[in-house]
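What follows is the residue order along each chain.
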Amino acid sequence: MTKSGKPTREDLLRAVFEEQHKQHSLVRRSHGHSPHDPPPAVRQNHLLRVLEDCPGIRQKDLAERMHVRPQSLGELLDKLEDSGLVVRRKDPEDGRAVRVELTEDGRAAEREHRKNMAENIRKRFGALTDDELQEYLRLTKKINDSLDKQENL
């Protein structure tokens, strides 16, 4: 705290971080996870969503879009393929490339995930007005842009 009683920037940053941490814990708890559980299959759900939006995407492009290493994506795709959620096929135009698609079970899993996400988003952000949501979105994008720039240096 400063002499005037106002919090310092460091105090504010620490408070924001603590509130974000608390929010993360509350969200995880609302999904039935303890704070010490491994994170839910976030990448799997993200992958299903990308495949729903981009059917038949090349595996290389999928890795770039998901911001993961091709090796990590390959491991995830192996698991999803074994579960019957995705299928990989050689690209008919380029035999070296592989295209990835959802199976019918994968599409059903994506629909269920999308429905659950919509409900979770309503619960998480329902306390904010439309104006507050716009401000939150603006600030979140600003933080993400800054982090993205730092990562790309």
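Residues numbered from 1 in each chain as written. Predicted model: local features only at pLDDT ≥ 70, side-chain atom pairs only at ≥ 80, totals over all residues. Heavy atoms only, no water.

Draft legend 1. Up close: the overall build of the protein. Helix and strand counts for the protein stand at 6 helices and 3 strands. Overall, the protein shows an N-to-C arrangement of helices and strands of α-α-β-α-α-β-β-α-α. Going through the 153 residues of the protein one by one, you find that 21% of them count as buried. Summarising the internal contacts of the protein: among those between residues at least 6 apart in sequence, 42% fall at separations of at least 24. Split by element, the accessible area of the protein, about 11900 Å² in all, is 53% carbon and sulfur. (Helix = DSSP H or I, 4+ residues; strand = E, 2+ residues; numbered from the N terminus. Buried < 20%, exposed > 50% of the residue type's maximum accessible area, 1.4 Å probe, protein only. Contact = heavy atoms within 4.5 Å. Areas by Shrake-Rupley, 256 points an atom, 1.4 Å probe, with all protein chains shown as cover.)

Draft legend 2. How the structure looks around the packing of aromatic side chains. The full count for this structure, using the stated rule, is 1 aromatic pair. Seen from their ring centres, phenylalanine 125 and tyrosine 136 are 5.4 Å apart, and the 50° between their planes marks the pair as tilted. Placement of the pair is phenylalanine 125 in helix α5 (residues 104-125) and tyrosine 136 in helix α6 (residues 130-151), with a sequence separation of 11 residues. (Phe/Tyr/Trp six-rings, centres within 6.5 Å; stacked < 30°, edge-to-face > 60°.)

Draft legend 3. Structural view of the sheet that holds strand β3 (residues 98-102). Within the open sheet, the 3 strands sit side by side as β1-β3-β2. Their pairing is antiparallel. Only two strands of the sheet have a single partner each, and these edge strands are β1 (57-58) and β2 (86-90). Bridge analysis of β2 against β3 gives 5 bridges, and the strand direction is antiparallel. Opposite arginine 89, over in β3, you have arginine 99 as the bridge partner. Against the sheet, helix α4 (residues 70-82) makes contact with β2 and β3, and its axis sits at roughly 115° relative to β2, the strand it touches most. (Pairing = 2+ DSSP bridges. Axes fitted to C-alpha atoms, helices over the stretch in contact; angles between N-to-C directions.)

Draft legend 4. Spatial organisation of the nonpolar core. Among the nonpolar cores identified, the biggest contains 18 residues, and Leu47, Leu51, Leu62, Met66, Leu73, Leu77 and Val86 are the most heavily contacted of them. Mapped by element, the contributors of at least two residues to this core are α2 (42-53), α3 (59-66), α4 and β3. In this structure leucine 62 touches Leu47, Val50, Leu51, Ile57, Leu73, Leu77 and Val100, once residues within four positions along its chain are discounted. (Core = buried A, V, L, I, M, F, W, Y, C linked by side-chain atoms within 4.5 Å.)

Draft legend 5. Fine view of the packing of α3 against α4. Running from N to C, α3 and α4 point in directions that differ by 105°, and their axes come no closer than 9 Å. Judged on the interaxial angle alone, α4 and α3 are roughly perpendicular. Touching Gln59, Leu62, Ala63 and Met66 of α3 are Pro70, Leu73, Gly74 and Leu77, all from α4. Residues of the contact of α3 with α4, tallied by class, amount to 6 nonpolar, 2 polar and no charged. (Parallel < 35°, antiparallel > 145°, perpendicular 65-115°, else oblique. Nonpolar A, V, L, I, M, F, W, Y, C, P; charged D, E, K, R; others polar.)

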